[in-house]
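Coordinates in review
What follows is the residue order along each chain.
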Amino acid sequence: MDLSTISLSSSLPSPFLSQLSLRPKTASLSGIFLRNNPPPLFSRPNHRPIAAALQQSQNDDFVLEDVPHLTNFLPNLPSYPNPLHSSQAYSIVKNTFVSQEDVVAQNIVIRKDNPRGVHFRRAGPREKVYFKPEEVRACIVTCGGLCPGINTVIREIVCGLNNMYGVEDILGIEEGYRGFYSKNTVRLTPKVVNDIHKRGGTLLRTSRGGHDTQKIVDNIADRGINQVYIIGGDGTQRGAARIYEEVEKRGLHVAVAGIPKTIDNDIAVIDKSFGFDTAVEEAQRAINAAHVEVESVENGVGIVKLMGRYSGFIAMFATLASRDVDCCLIPESPFYLEGRGGLYEFLDQRLKENGHLVIVIAEGAGQEYVAAEVPAVNQKDASGNRLLLDVGPWLSDKIKDHFTKAQKMPINMKYIDPTYMIRAIPSNAADNIYCTLLAHSVVHGAMAGYTGFTVGPVNSRHAYIPISRVTEKQKTVELTGRMWARLLASTNQPSFISSDLEGVVQGIDSLNITSI
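The following refers to the structure shown. Note that the structure is predicted; figures quoted are calculated from it, not measured.

**Things to note about the overall build of the protein**
The helix and strand inventory of the protein stands at 16 helices and 20 strands. Within the protein, the fraction of its 516 residues that count as buried is 55%. Restricting to contacts in the protein with at least 6 residues of sequence separation, those with at least 24 account for 79%. A total accessible area of about 21,900 Å² is found for the protein, and carbon and sulfur atoms account for 48% of it.

In structure tokens form, the structure reads like this:
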């Protein structure tokens, strides 16, 4: 039985299917209940009600974290048959439409007597839509830093709206959030976006900051836009949530949908972010180049700095995939240079054994050491992110000084920072397919009347997720988890856990963060 996607009607005892129990988010798990949203979604006309909740169940504790629907604040909004009813492409699909009762489990590995836990509404086309295709004016905006796959998402939103639903009026908002009130737009058609997936960057250009909720929603209303697709990271998604709240406050017939974007793969809840696979693949090229360089000289030391402000997923996965890395340093794992079990001791040993070594370091690692030696200015970028100190050159100098001065051993240092090369490339085949699924899922959700949501795979099944769930915390590498253990086994590097750092690591792992 596939536990990642279940139907409420098939999983609940029939005597309870006629009752609905709503409880606040802080309530204890007893029976099935819904989080965050009032019940009009389930009682509106022309919409099949979701299987109702168990008030008391001795066997199952079940939580549905639902997303808002336009009928929550527009109860008389009419619905229409989904155009996919007459689609030639979808006519061969056995179950074209997702049932209102289908949900996706956040945790699929549970023990016999444990609660069923949190579930999300399954993504996909619904039998009814809440927009007439000829009345839709959609817009797409990209915000924040670059990432492989942005153009693919743009392309597939445009083609999905047009090919599946017959929507022809689609605008591209240029240069991020400020483009809404700077009047920067471009008309998007399947022809315009036909080959943009072959290029890196974003067709619409991007920027950080510039979010002004009132101006943005004023512009959305003035232009007659009724579907807003927002591609960006956690800061961008928080902005999307504020746009949705203002739209609801004004009672506008506007669906606001987010597509989470971060090359660091630190978005909570979802399995991974788009562009991550491409980033890991490209990072390996840099690691391979470093390995070739240091292997070809005497006492070669290669350092490769990769992306990862607060989460070391790219560094960890690239290291695991490469098998040429001797040591991987990430933000989640404190390390120290000198003393027993320190980095210097390990590098001394590895260089004597092999004659060369490669270190991968995430950009957010070792910030406290750099700050202690380099005058730091507490500055932030336009998105509110703290500007990091450059740990790569600092580590290069430290290692060079250690070997040449302390060990009296000349070394050949090779430092590579492929950050902008990785960010700027087009997505690979796997990410292209993933971006297509994301784009189609978000289009189906907006057409079905959902709003204030984001989309992503949860245990390999695409789901509609409340924006607050992907912005409330960052996903990080779990230092006591199996994946980090696999890396330590692969590199044979020390864990850098001394008596001074043991409490720090325990404190990190005790935080309420999402990890693997």
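**A short note on the pairing of strand E15 (residues 356–362)**
Within a regular strand, the side chains alternate between the two sheet faces. Within E15, 7 of the 7 residues are buried, leaving the element largely enclosed by the surrounding structure. Direction of pairing for strand E13 (residues 300–306) relative to E15: parallel, over a ladder of 7 bridges. When the bridges of E15 are listed, Gly300 appears paired with His356. Relative to E15, strand E14 (residues 327–329) runs parallel, the two sharing 3 bridges. Opposite Cys328, over in E15, you have Val360 as the bridge partner. Crossover handedness for the path E14 to helix H9 (residues 343–354) to E15: right-handed.

**Brief notes about the sheet that holds E14**
Spatially, E14-E15-E13-E16 is the arrangement adopted by the 4 strands of the open sheet, whose pairing is parallel. Each of the sheet's edge strands pairs with one partner strand only, and the pair in question is E14 and strand E16 (412–416). Within this sheet the neighbouring strands show an average axis-to-axis angle of 15°, counted without direction.

**Comments concerning helix H15 (residues 482–491)**
Listed in full, the buried residues belonging to H15 are Trp484, Leu487 and Thr491. Each buried residue of H15 sits inside an arc of 55° when the element is viewed along its axis, so together they form one side. In H15, the exposed positions that point more than 90 degrees away from the buried face belong to Arg482 and Ala489. Residues of H15 that are buried in the fold lie against helix H8 (313–322), E14 and H9. Positive phi appears at Asn492, one or two residues downstream of H15, with a value of about 60°.

Conventions and cut-offs
- Residues numbered from 1 in each chain as written.
- Predicted model: local features only at pLDDT ≥ 70, side-chain atom pairs only at ≥ 80, totals over all residues.
- Heavy atoms only, no water.
- Helix = DSSP H or I, 4+ residues; strand = E, 2+ residues; numbered from the N terminus.
- Buried < 20%, exposed > 50% of the residue type's maximum accessible area, 1.4 Å probe, protein only.
- Contact = heavy atoms within 4.5 Å.
- Areas by Shrake-Rupley, 256 points an atom, 1.4 Å probe, with all protein chains shown as cover.
- Pairing = 2+ DSSP bridges.
- Right-handed = clockwise from strand over helix to strand, strands pointing away.
- Axes fitted to C-alpha atoms, helices over the stretch in contact; angles between N-to-C directions.
- Arc of directions from axis to C-beta.

Such coordinate-based values are descriptive only and should not be taken to indicate function.
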